[in-house]
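Observations on chain architecture
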Amino acid sequence: PLTDAQIKKNAESTARVWRDQELRESDWIIPLTDHPQNAAYITYRKALRDWPTAKDSDGKALFPDKKPTLGS
């Protein structure tokens, strides 16, 4: 059986893989400064990069807000 530390490390690793994928998938929008969601994506990407070092008042890592939508 896995220890609590191993389970935590696996969860963090999985979350980092997800975060890195989100950053890669949103790279395309950064140079499109006239895109209506550009600012929202810049904010979202900053939150992704800051995670997990950004903490709430209880010391838990702040997970990024919901991904912006590209709807019209």
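The structure reproduced in this document is the subject of the present report. Remember, predicted model here, so these are calculated numbers, not experimental data. (Residues numbered from 1 in each chain as written. Predicted model: local features only at pLDDT ≥ 70, side-chain atom pairs only at ≥ 80, totals over all residues. Heavy atoms only, no water.)

A separate point is the nonpolar core. Among the nonpolar cores identified, the biggest contains five residues, and these are Leu23, Ile29, Tyr41, Tyr44 and Leu48. With three residues, the top contributor of residues to this core is helix α2 (residues 38-50). (Core = buried A, V, L, I, M, F, W, Y, C linked by side-chain atoms within 4.5 Å. Buried < 20%, exposed > 50% of the residue type's maximum accessible area, 1.4 Å probe, protein only. Helix = DSSP H or I, 4+ residues; strand = E, 2+ residues; numbered from the N terminus.)

Bringing the pattern of salt bridges into the picture now. In the structure shown here, the tally under the stated rule is four salt bridges. Between glutamate 12 and lysine 8 there is a salt bridge; the shortest N-O distance is 4.0 Å. Residue glutamate 12 and its partner lysine 8 are both found in helix α1 (residues 4-25); the two are separated by four residues, about one turn of the helix. For lysine 8, a relative accessible area of 54% corresponds to the exposed category. A salt bridge links lysine 46 to aspartate 50, with the shortest nitrogen-to-oxygen separation between them at 2.6 Å. Within this pair, lysine 46 and its partner aspartate 50 are both found in helix α2, separated by four residues, close to a single helical turn. Its relative accessible area of 29% is what places aspartate 50 among the partly exposed residues. (Salt bridge = Lys/Arg side-chain N within 4 Å of Asp/Glu carboxyl O.)

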